[in-house]
Amino acid sequence: MDNLAWIFISSLLINNFVLAYFLGLCPFLGVSNSLETSLRLGLATIFVLLITAICAWVLNTYVLIYAPYLRLISFIVVIASTVQFIEMLIKKISPTLFRAMGIFLPLITTNCAILGLAIFATNRGYGLVEGIVFALGAGIGFTLALLLLAGLREESELSDIPKLIQGIAMNLIIAGILSMAFMGFAGLFSAT
Amino acid sequence: MARNEHEAYETFIKGIWRDNPVFVQVLGMCPMLAVTNSAINAVAMGGATLFVLVGSSFLVASFKQWIPKQVRISGFIIIIATFVTVADYTLLALVPKVHKELGAFIPLIVANCMILGRQEAFASRNTVRLAVMDALGTSGGFMVALFSLGAIREILGNGSLFGVDLFGEHFEPWVIMILPPGGFLTLGLILLFFNWVTQQKDKFIEQVAEAERVASDG
């Protein structure tokens, strides 16, 4: 139980996927212009990460012990098609849910955070439960970072910023400062 | 033939400088920031990306007639993933130490949007020769960006370049530069510099135009 809590907190704060591992930067910098879109993208990402963790576990346990060199290709193909299938399922069952996060689902599939999660979970030898907890922590961490950046960007719309700094350069510097703040969490568990 | 040569050369140069994938198009950020805490890692990553991009551009351009349009993206991804697997195992065999440091970021080359972008935008529509030139140019530009970021971060954060000490023992390393925030800050500042250069250039062109207008009026 202790181990699971550790995995969760670690992937949520200390080793935040965006701010410490630089995974999923494209949506982080691209879509973070409003809080509402960011929240939806975050929810969709948590969802895809959970599916990924389950897929990766199934593949690792039943298929890839026979052919480890196929890991990368099979991860990509299986994750992409599972997400596509579930997207269709949601569209059929709950149109409201689909409208909330549907458009983002296919975009997220090729995001490096998704593949990164699968590879990290494999390298660390996580089981099914550990993998799911890891995915949950990583997804919530991603959403948290996204919301923080989006909030700061919404505020900055109202202030008078020199034209030179506006755009991606400013976002990167904000992200750098956020990342510095998150480094403060590094001491959280080190005592034990 | 001369025109052909010229076109190939143009394609190559465009990737390195004017359309630099990182500084101008801001693609391929994830591996870019994650592995540039030392110059040697940056070069290894650049080499792996070069191999994957050139290999897959060559294959995609050669087989473009046989890849059905509807499944082309999945086709490209499978081709890219194959080359990445080759690169992964080659690095593991040749330089296990670097492979260990790059860790999960070698397989993550697959998710680099720059590579898929070149296949979709260029390699699937051009001749094999041009596609290879384009791949060389783009990955050259990527390598330049990786190396400059890696060198800056290693020099400031560790006082060394390629592991060789530069400043002697009295240098106090600026540790934040090799930690994650340093990556964001350095890239942000480099982009700021690029913005500034573009702005100065536009201003200069405007001034010249203004001067010409005044001269013709007078």
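Basis of the calculations
- Residues numbered from 1 in each chain as written.
- Chains lettered and ligands numbered in written order.
- Predicted model: local features only at pLDDT ≥ 70, side-chain atom pairs only at ≥ 80, totals over all residues.
- Heavy atoms only, no water.
- Helix = DSSP H or I, 4+ residues; strand = E, 2+ residues; numbered from the N terminus.
- Rg over C-alpha atoms; globule rule 2.2 N^0.38 Å.
- Buried < 20%, exposed > 50% of the residue type's maximum accessible area, 1.4 Å probe, protein only.
- Contact = heavy atoms within 4.5 Å.
- Buried area = accessible area lost by both parts, 1.4 Å probe.
- Salt bridge = Lys/Arg side-chain N within 4 Å of Asp/Glu carboxyl O.
- 1 Å grid on protein atoms, 1.4 Å probe; cavity = no way out; pocket = protein on both sides within 12 Å on 5 of 7 lines; lining within 4 Å.
- Points joined across faces, edges and corners; volume = space filled by probe spheres on them.
- Nonpolar A, V, L, I, M, F, W, Y, C, P; charged D, E, K, R; others polar.
- Patch = residues over 30% accessible without salt bridge, like charges linked within 9 Å, V, L, I, M, F, W, Y side chains within 5 Å.
- Areas by Shrake-Rupley, 256 points an atom, 1.4 Å probe, with all protein chains shown as cover.
- Axes fitted to C-alpha atoms, helices over the stretch in contact; angles between N-to-C directions.
- Parallel < 35°, antiparallel > 145°, perpendicular 65-115°, else oblique.
- Left-handed = near helix turned anticlockwise from the far one by under 90°.
- pLDDT = per-residue confidence, 0-100.
- Expected span 1.5 Å × (residues − 1).
- Core = buried A, V, L, I, M, F, W, Y, C linked by side-chain atoms within 4.5 Å.
- Lys, Arg positive; Asp, Glu negative; His and termini not counted.

**Details of the overall build of chain A**
- Per the secondary structure count, chain A includes 9 helices and 0 strands.
- For 192 residues, the compact-globule formula gives about 16 Å, and the C-alpha radius of gyration of chain A, at 18 Å, lands near that figure.
- For the C-alpha atoms alone, the extent of chain A along its principal axes is close to 60 × 50 × 30 Å.
- When each of the 192 residues of chain A is scored for burial, the buried share is 48%.
- Excluding contacts between residues fewer than 6 apart, the proportion of contacts in chain A whose partners are at least 24 apart in sequence is 78%.

**Points about the interface of chain A and chain B**
- Taken together, the 36 residues of chain A in the interface contact 33 residues of chain B.
- For the pair chain A and chain B, the summed buried area comes to about 2,900 Å², and 86% of that belongs to carbon and sulfur atoms.
- On the chain A side of the interface with chain B, the three residues burying the most area are Phe22, Leu164 and Leu172 of chain A, jointly 23% of the side's total.
- Remark: the boundary between chain A and chain B carries 0 salt bridges.
- For the side of chain A that touches chain B, the secondary structure elements donating two or more residues are helix H2 (25-30), helix H4 (71-93), helix H7 (112-123) and helix H9 (168-183) of chain A.

**Points about empty space enclosed by the protein**
Residues and elements named next belong to chain A.
- Tallying each qualifying case throughout the model produces 1 cavity of 30 Å³ or more.
- Counted as a void, the largest cavity has a volume near 70 Å³.
- Considering the residues around the largest cavity, the lining is formed by Ala53, Ala56, Trp57, Asn60, Ala121, Thr122, Tyr126, Gly127, Leu128 and Gly131.
- In terms of residue count, the dominant contributor to the lining of the largest cavity is helix H3 (residues 35-63) (4 residues).
- Each residue belonging to the lining of the largest cavity can be placed in one class, and the counts come to 6 nonpolar, 4 polar and no charged.

**Topic: a nonpolar patch on the surface**
All names here are of chain A.
- The grouping of Ile54, Val58, Tyr62, Val63, Leu128 and Val129 at the surface amounts to a nonpolar patch, some 510 Å² of accessible area in total.
- For the nonpolar patch, the element with the most residues is H3, which contributes 4 residues.
- Mapped onto the elements, Ile54 comes out in helix H3.
- Residue class for Ile54 comes out partly exposed when judged on its relative accessible area of 40%.

**Let's talk about the side chain of Ser57 of chain B**
Residue and element names in this part refer to chain B.
- For Ser57, the location among the structural elements is in helix H3 (residues 39-62).
- Judged by relative accessible area, which is 0%, Ser57 ranks as buried.
- Every residue in contact with Ser57, bar those within four places of it in the chain, is listed here: Gln119, Ala123, Ala131 and Ala135.

**Concerning the packing of helix H7 (residues 128-158) of chain B against helix H8 (residues 180-217) of chain B**
All names here are of chain B.
- In the contact formed by H7 and H8, the axes pass within 10 Å of each other and the chain directions differ by 125 degrees. It follows from the interaxial angle that H7 and H8 lie oblique. Crossing angle aside, the handedness with which H7 passes H8 is right-handed. Counted together, Leu149, Ile152 and Arg153 of H7 and Pro180, Gly182, Gly183, Thr186, Leu187 and Ile190 of H8 form the full contact between these two elements.

**Observations concerning the environment of Gly137 of chain A**
Residues and elements named next belong to chain A.
- With respect to the helices and strands, Gly137 occurs in helix H8 (residues 128-157).
- Residue class for Gly137 comes out buried when judged on its relative accessible area of 0%.
- Spatially, the C-alpha atom of Gly137 lies 9.4 Å from that of Phe17, the residues being 120 residues apart in sequence.
- Beyond its immediate stretch of four places on either side in the chain, Gly137 contacts Phe8, Ser11 and Leu12.

**Here's the deal with the confidence of the model for chain A**
- Looking at chain A as a whole, the pLDDT averages 82, with 93% of positions reaching at least 70.
- For chain A, per-element mean pLDDT is lowest for helix H6 (residues 104-109) of chain A, which scores 70, and highest for H8 of chain A, which scores 90.

**A word on H8 of chain B**
- The end-to-end C-alpha distance of H8 of chain B is 56 Å, a good match for the 56 Å that 38 residues give at a rise of 1.5 Å each.
- Turning to H8 of chain B, its buried residues are Pro181, Gly182, Gly183, Phe184, Leu185, Thr186, Leu187, Gly188, Ile190, Leu191, Leu192 and Phe194 of chain B.
- Structurally, H8 of chain B contributes buried residues whose contacts are with H2 and H9 of chain A together with helix H2 (29-34) and H7 of chain B.

**Some details on the environment of Val35 of chain B**
All names here are of chain B.
- Along the polypeptide, Val35 turns up in the loop between H2 and H3.
- Val35 sits 11 residues away from Gly46 along the chain, and the two C-alpha atoms are 9.9 Å apart.
- If sequence neighbours within four positions are ignored, Val35 has contacts with Asn41, Ala42, Met45, Leu102, Phe105 and Leu146.

**Concerning H4 of chain A**
- Taking 1.5 Å per residue, 23 residues should reach 33 Å; H4 of chain A reaches 32 Å between its end C-alpha atoms and fits that length.
- Considered for burial, the residues of H4 of chain A that qualify are Leu72, Ile73, Ser74, Phe75, Ile76, Ile79, Val83, Ile86, Glu87 and Ile90 of chain A.

**Re the nonpolar core**
- One finds Phe17, Leu23, Leu25, Phe28 and Phe75 of chain A together with Leu187 of chain B to be the most contacted residues of the largest nonpolar core, which totals 110 residues.
- Look past the residues within four positions of Phe17 of chain A in its chain and what remains in contact with it is Ser11, Phe22, Leu23, Ala113, Leu117, Phe120, Phe134 and Ala138 of chain A.

**Observations concerning the side chain of Asp88 of chain B**
- Positionally, Asp88 of chain B belongs in helix H4 (residues 72-94).
- Put simply, Asp88 of chain B is tucked away with no salt bridge, and the nearest opposite charge, on Arg71 of chain A, sits 5.1 Å away.
- Other than its neighbours up to four places away in sequence, Asp88 of chain B contacts His99, Ile106 and Pro107 of chain B.

**Some remarks on the packing of H4 of chain B against helix H6 (residues 113-121) of chain B**
Residues and elements named next belong to chain B.
- Running from N to C, H4 and H6 cross one another at 130 degrees; their axes reach a closest spacing of 10 Å. Regarding the angle of H4 to H6, the classification is oblique. Crossing handedness for the pair H4 and H6: right-handed. Listed contacts from H6 to Arg72, Ile73, Phe76, Ile77 and Ile80 of H4 are Ile115, Leu116, Gln119 and Glu120.
- Here the contact of H4 with H6 is built from residues that sort into 6 nonpolar, 1 polar and 2 charged.

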